[in-house]
Amino acid sequence: MLQFPNKYKLLFSIAFLSAAIIAFQLALIQILSNVQWYHFAYMVISVALLGFGAAGTVLAIFKKNLINRTDALLPFLMISTGIVMSLVTDVSQMPFIRFDSYLLFAEYSHIGKLLLTYLLFFIPFFLGALAIGLVFVKYVNDIGKIYFANLLGSGAGGILALALIWLFFPKQLPAFIAILPVLAGLMILPKYKRFFHIGFAVIAVAVISWKCLYPPQLILSEYKDLSKTLILPEAKITLEKSSPYGVIQTVSSPVLRYAPGMSLTAQKTAQIKMAAFINGDWFGAVTDWKKTDTSIILDYTTSALPYIMAKRNDVLVLRSGTGIDVAHAVSRGVKNVVAVEPNSIILSTLKHELAAATDSLFSHPNVSLHNLEPRTFLLMDTSHYDLITLPMVGTFGGSSGLYALQEQFLLTKEAFRVMWFKLNERGVISVTLWMDYPVRNPLKILATMVEVLTELGIQNPKEHIAAIRSWGTITFVMTRSSLQQNEITNIRRFCEEMLFDPAILPQLDAEERTRYNQFQDGRFFDYIERIISTDRNDFYADYDFNIKPATDNKPYFSQYIKWSNLNRLAGFFGNRSLPFFEIGYLLVIITFIQISIASFVLILLPLFKIGWKGKNKFSVILYFSGIGFGYMFVEMVFIQRFILYFGNPVYSASAVISSLLIFSGIGSYHSNYFTLKRKRLMMIFMLIVTMLFAYSLIFTPVLQQTVHLNLFFKLIIVFLLTAPLAFCMGIPFPAGLSHVSKMNTEVVPWAWGINGCVSVISTALATVVAVEMGFTWVMLFAALAYCLPLMVQVKWKYH
């Protein structure tokens, strides 16, 4: 039993520290998403787990010395965690350590800087984990209760982080979160050396207070859109807001322009008043539309295609962003414009602070707003439309593949199928893309449309698709009914007026495709014909990039790299250029490699010093690696599946992480019951595996049938779905640790280290599996991982 002077204070202290660690983890994700890009979420999660694994190794090597000094060390470690948390962000922004994602493949010194950043962020997680691990080891007989406090605190930390992100900017978060570890340390001050600890706490309070008042200055990558925009004459940030969606900023400059592929015949100015950015990335132009306007800049771009084909009365704008597509619809006299935008802060800002700049566009009587993820809205909505317009895809000049791992559920085959059934008889789906080279985005969109139409039983997809091209953009429309002659005539007339070229149209002559705009790759039109033809699968296999349509199971629209073609691409474009085709995916691969090496060096390698005597080595490896892989894979899949359900990735991640940790904590609290008998623990593993296989079949149907419910009932359903599984998944680690400690205490550090090492690499590994094979396989691999400890249970002896 717990022999600490006040066991409840100790449990609360562990809960406070655990809450700080998970909150700090989410804060670092926000910071790196702001100064770099979102890809480093995988790095932060892995570094946090690396800290726990390395702490277990240190405990194994110095166990006796550390346990003898537990009372004095615990508050010292906790207070130290708070101090380091408040300072590491400052250090990470110093020139000698600050890396840039874009330069990782151009200046190799930045790979070293990235590794230094790993190690820097590793320190607070290591210190906090060492404190928690010390309690685990000393009071191993009560591991269930302590693990319960650990997981319950972690779950609360996820909720706390979400609240703080609404209140503070990313640079302010670490200092406020650092208060929690200091409070945790003060709760358990020993009676002896109290003056030392109080003095140390005073220093901690002084440092944290200083950082609360003077937070670090976060330096954005010079390649972020915001950095480049602020170079413009008289450019200035006019508004800043923080939210879980990221830092929202607007910039004004007298020379700001927005002209996506604008016709060379256009007489209208392309000037805009402001542009909006989220985490330094371009979000959209803040249109200076006025109620008296009868045309806007989009009338002179390929985006006008659906409007020149026929009159539109009901228009659905998905991911309406800053509202330029909404303004386009209103200026065209559309009577019913439905705008769907998941970012509530952007909507609030446009309706209030920026209302004057947009002439209250979002309060226009013809406009209705819906704050939801577009796919969620499509599942709930029962209306039909003349036009469904998607947000613009790609960037001017092509993309470097930064968004290769972004889950784009609006561009999957399932999304286009749902949208097609939302169309009126003469309705169309419209999407505009920047042309890229080598061509990827336009080909994948076309492939998606063609496959959806084919699966709907349409024999000739070419009768339902039209596309026109300017010097920089291409717009596709997919129609519910076959293209009519008057629509074809209107398209041709519009192309002649604007000096655009039709790319796909019935009865199209080859010379019409390049009458006004020559194309760098003349084979583009051959590619189009092959995709529309019946041998498109052969073309998919032959083409250098992956242009097969994205699906809900593999929603990575912007993922194009084929590993089998890397040598060929390197020979054609050069080794130094190759990474910039898909830098986002390669960043995760680099993270996976570096963090795997670091986990071996910091976790497993030191354990060889103490050796491993006794039996059951192989079974211990299988047991603790299985539960490490399984748990993290399940967490990844659940977060992905609930994004569409909640219509918001932030709520999805918070709900999943908090519910998994809380219910796992409850499971661990009762783990002692399952440690005593083999059959009980085997039953838990069989339940986990059975539930995972069952969830792979019923998960999606259940969510689709309940997606129309309000947030409260959705949360209840999430808890009902996750609670049984999470409860069971919270049992194996403390039960296994308790069991191996009775077999051979020397095995405990190895068990901890193996589980930590596997958990470190499983986050990035799950992402790679999802990209290459799909989320269904991630779930199945999780089930298979939990089969490993089930197998070794047969060999373990119970007393």
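Everything numeric here is computed off the predicted structure, so don't read it as measured data.

Rules behind the numbers
- In every chain, residue numbers begin from 1 and rise along the written sequence.
- Given that this is a predicted model, residues contribute local features only at a pLDDT of at least 70 and side-chain atom pairs are listed and counted only at 80 or more, while totals for whole chains, interfaces and linings are drawn from all residues.
- To obtain the side-chain values, all non-hydrogen atoms of the structure were used and water was disregarded.
- Secondary structure elements follow DSSP: runs of H or I of four or more residues count as helices, runs of E of two or more count as strands, with numbering from the N terminus.
- Note on contacts: a residue pair qualifies if any of its non-hydrogen atoms lie within 4.5 Å across the two residues.
- The method behind every accessible area is Shrake-Rupley, applied with a 1.4 Å probe, and residues are considered shielded solely by the protein chains displayed.
- For the charge count, each Lys or Arg is scored as positive and each Asp or Glu as negative, with His and the chain ends excluded.
- For charged residues, the charge sits on one atom: NZ in Lys, CZ in Arg, CG in Asp, CD in Glu.
- Exposed residues in this analysis have more than 50% of their type's maximum accessible area, buried residues have under 20%, and partly exposed residues fall in between, with area computed by a 1.4 Å probe over protein chains only.
- Paired rings are identified among Phe, Tyr and Trp, the last through its six-membered ring, by centres lying within 6.5 Å, and are further divided according to the angle between planes into stacked (under 30 degrees), edge-to-face (over 60) and tilted (the rest).
- The nonpolar core is taken to be a set of buried Ala, Val, Leu, Ile, Met, Phe, Trp, Tyr and Cys residues, with the residues joined through side-chain atoms within 4.5 Å.
- Throughout this description, the term salt bridge denotes a Lys or Arg side-chain nitrogen within 4 Å of a carboxyl oxygen of Asp or Glu.
- The span you would expect from a helix comes to 1.5 Å times its residue count less one.
- At least two bridges found by DSSP between two strands are what make those strands a pair.
- Interaxial angle, 0 to 180 degrees, is taken between N-to-C directions of lines fitted to C-alpha atoms, where a helix line uses only the stretch in contact.
- For classification, angles of less than 35 degrees are called roughly parallel, those exceeding 145 degrees roughly antiparallel, those between 65 and 115 degrees roughly perpendicular, and all remaining angles oblique.
- Starting at the helix axis, one direction is taken to each C-beta atom, and the arc is that of these directions.
- What pLDDT conveys is the predictor's confidence in a given residue, as a value from 0 to 100.
- Three classes are used, and their members are as follows: Ala, Val, Leu, Ile, Met, Phe, Trp, Tyr, Cys and Pro are nonpolar, Asp, Glu, Lys and Arg are charged, and the others, Gly among them, are polar.
- To count toward a patch, a residue needs a relative accessible area above 30% and no salt bridge. Like charges then connect within 9 Å, nonpolar side chains (Val, Leu, Ile, Met, Phe, Trp, Tyr) within 5 Å.
- What counts as a disulfide here is a pair of cysteine sulfur atoms lying within 2.5 Å.
- Within 3.5 Å is the distance limit for a polar contact, defined as a pair of N or O atoms, with the added protein rule that one can donate a hydrogen and the other accept it, and that residues adjacent in sequence qualify only through two side-chain atoms.

Colleague: Help me understand the overall build of the protein in this model?
Modeller: Along the protein, the regular secondary structure elements total 29 helices and 12 strands. Projected onto its principal axes, the C-alpha positions of the protein cover 85 × 55 × 55 Å. Put simply, 77% of the contacts in the protein that link residues at least 6 apart link residues at least 24 apart. As displayed, the protein offers around 30700 Å² of accessible surface, 62% of which is attributable to carbon and sulfur atoms. Placing the 64 positive and 47 negative side-chain charges of the protein at their respective mean positions leaves the two points 16 Å apart.

Colleague: What is the right way to read unusual backbone geometry from this model?
Modeller: Only a minority of non-glycine residues have a phi that is not negative, and only a minority of peptide bonds are not trans. For the peptide bond that leads from Tyr-437 to Pro-438, omega is -5°, which places it in the cis range. If you trace the backbone, Pro-438 turns up in the loop between strand E9 (423-434) and helix H16 (441-455). Look at Ser-360: it is not a glycine, yet its phi comes out positive at around 55°. Position of Ser-360 among the secondary structure elements: in the loop between helix H13 (344-351) and strand E7 (367-370). Note on Ser-360: relative accessible area 29%, which makes it partly exposed. Phi angles above zero are rare outside glycine, and Gln-507 is one such case at about 55°.

Colleague: Got a minute to help me understand the packing of aromatic side chains in this structure?
Modeller: Aromatic ring pairs are reported here in terms of the distance separating the ring centres and the angle at which the planes meet. This structure, assessed with the given rule, holds 29 aromatic pairs. Considering the side-chain rings of Phe-24 and Phe-125, the 5.6 Å spacing of their centres and the 50° angle between planes classify their relative orientation as tilted. Note that Phe-24 is positioned in helix H1 (residues 7-35) and Phe-125 in helix H5 (residues 109-138), a separation of 101 residues in sequence. For the pair shown, Phe-24 and Phe-125 are each scored as buried. Centroid distance Phe-685 to Tyr-786: 6.5 Å. Interplanar angle 40°. Geometry classified as tilted.

Colleague: Mind showing me how you'd approach the nonpolar core here?
Modeller: Inside soluble globular proteins, nonpolar side chains tend to come together where they are buried. Core analysis: the largest hydrophobic core is formed by 167 residues, its most contacted members being Phe-624 and Phe-642. Take this core: its biggest share by element is 16 residues, from H1.

Colleague: Just checking my understanding: could you explain the side chain of Thr-117 for this structure?
Modeller: The topology assignment puts Thr-117 in helix H5. Since its relative accessible area comes to 2%, Thr-117 is described here as buried. Ignoring anything within four residues of it in the chain, the contact list for Thr-117 reads Met-43, Ile-97 and Phe-99.

Colleague: I tried to follow the pattern of salt bridges on my own but got confused; where do I start?
Modeller: Opposite charge on two side chains makes pairing possible when the charged atoms of those side chains draw close. Applying the stated criterion across every chain yields a total of 17 salt bridges. With its nearest N and O atoms 2.6 Å apart, the salt bridge here joins Glu-455 to Lys-413. Taken as a pair, Glu-455 in helix H16 and Lys-413 in helix H15 (residues 413-421) lie far apart in primary sequence, 42 residues in all. The class of Lys-413 is buried, set by a relative accessible area of 15%. Ionic pairing is found between Arg-530 and Asp-542, a salt bridge with its closest N-O pair at 3.5 Å.

Colleague: It is not clear to me how H16 should be interpreted in this structure. Could you clarify?
Modeller: Three or four residues apart is the spacing at which side chains of an α-helix point the same way, because the helix has 3.6 residues per turn. The terminal C-alpha atoms of H16 lie 21 Å apart, and with 15 residues this matches the ideal 21 Å at 1.5 Å per residue to within 8%. Burial analysis of H16 places 13 of its 15 residues in the buried class, which makes it a mostly covered element. After H16 finishes, the residue Gly-457 shows a positive phi value of roughly 90°.

Colleague: What should I look at first to understand the sheet that holds strand E3 (residues 274-278) in this one?
Modeller: Paired through backbone hydrogen bonds, the strands of a sheet run either parallel or antiparallel to each other. Pairing within the open sheet is antiparallel, and its four strands lie in the order E1-E2-E3-E4. Taken across any chain shown, the strands that pair with only one partner, and hence form the sheet edges, are strand E1 (236-241) and strand E4 (281-286). Neighbour-to-neighbour, the strand axes of this sheet turn through a mean angle of 25°, independent of strand direction. Taken together, the five bridges between E3 and E4 define a ladder with antiparallel strand orientation. Looking at E4, one finds that Met-274 is bridged to Val-286.

Colleague: Can you help me understand the packing of helix H28 (residues 748-773) against helix H29 (residues 775-792) in this one?
Modeller: Interaxial distance between H28 and H29 falls to 7 Å at its minimum, and their mutual angle equals 130°. Here H29 runs oblique to H28, going by the angle between their axes. Taking contact as the criterion, the partners of Ala-766, Val-769, Ala-770 and Met-773 in H28 are, on H29, Phe-775, Trp-777, Val-778 and Phe-781.

Colleague: For this particular structure, what's the right way to read the pairing of strand E8 (residues 385-389)?
Modeller: Regular strands place their side chains on alternate faces of the sheet. Burial of E8 is extensive: five of the five residues sit out of reach of the surface. Alignment of strand E5 (residues 314-318) against E8, held across three bridges, turns out to be parallel. Considered in E8, the bridge of Leu-316 is made with Ile-388. The pairing of E8 with E9 spans four bridges and is classified as parallel. Note on E9: the bridge partner recorded for Tyr-385 is Leu-423.

Colleague: Looking at this structure, I do not really get helix H18 (residues 524-532). What am I missing?
Modeller: Within the sequence span of H18, burial applies to Phe-524, Phe-525, Tyr-527, Ile-528, Ile-531 and Ile-532. Viewed along the axis of H18, the buried residues span an arc of 155°, placing them on a single side of the element. Tucked inside the fold, the buried residues of H18 contact H16, strand E10 (465-469), strand E11 (473-479), strand E12 (501-504) and helix H19 (536-542).

Colleague: Before we go on, may I ask you to explain the sheet that holds E8 in this structure?
Modeller: Across the sheet, eight strands lie side by side as E7-E6-E5-E8-E9-E11-E10-E12; this open sheet has mixed pairing. Edge positions in the open sheet fall to E7 and E12, since each of these has one partner strand only. Averaged over all adjacent pairs, the angle separating strand axes in this sheet is 20°, with direction ignored. Sheet analysis places E10 next to E11, joined by five bridges and oriented antiparallel. Its bridge partner lying in E11, Ile-468 is registered against Thr-475.

Colleague: I'm lost on the confidence of the model for the protein in this one. Help?
Modeller: It should be kept in mind that the predicted coordinates are not to be read in detail where pLDDT is low. Confidence along the protein averages 86 in pLDDT terms, with 93% of residues attaining 70 or more. Mean pLDDT values for the elements of the protein range from 71 in helix H20 (residues 566-573) up to 98 in E8.

Colleague: Would you take a moment to explain the pairing of E9 for this structure?
Modeller: By the criterion of burial, E9 is predominantly enclosed, with nine of the 12 residues buried. In the sheet, E9 pairs with E11 via seven bridges, with the strands oriented antiparallel. Paired with Val-431 across the strands is Phe-476, a residue of E11.

Colleague: Just checking my understanding: could you explain the packing of helix H27 (residues 732-743) against H28 for this structure?
Modeller: Two packed helices can be described by the angle between their axes and the distance between those axes. Where H27 contacts H28, the two axes come as close as 9 Å, and the packing angle between them is 150°. When the axes of H27 and H28 are compared, the pair comes out roughly antiparallel. Together, Phe-733, Leu-737, Val-740 and Ser-741 of H27 and Val-748, Ala-751, Trp-752 and Asn-755 of H28 make up the contact between the two elements. Residues belonging to the contact of H27 with H28 are distributed by class as follows: six nonpolar, two polar and no charged.

Colleague: Got a minute to help me understand a nonpolar patch on the surface in this structure?
Modeller: A cluster of nonpolar side chains, Ile-593, Ile-597, Phe-600, Val-601, Leu-605 and Phe-608, forms an exposed patch at the surface whose accessible area comes to about 570 Å². One can find Phe-600 in helix H21 (residues 583-604). Phe-600 sits in the partly exposed class, given a relative accessible area of 38%.

Colleague: So what exactly am I meant to see when it comes to the state of the cysteines here?
Modeller: Working definition of a disulfide: a covalent bond connecting the sulfur atoms of two cysteines. One pass over the full model with this rule turns up zero disulfides. With no disulfide of its own, Cys-787 has Cys-728 as its nearest cysteine by sulfur position, at a separation of 14 Å.

Colleague: Quick question: what am I supposed to make of the side chain of Glu-341 here?
Modeller: Within the element layout of this structure, Glu-341 appears in the loop between strand E6 (336-340) and H13. Salt bridges are absent for the buried Glu-341, whose nearest opposite-charge side chain, Arg-319, sits at 4.8 Å. Within the structure, Glu-341 has its side chain in polar contact with the backbone nitrogen of Asn-343 (distance 3.0 Å).

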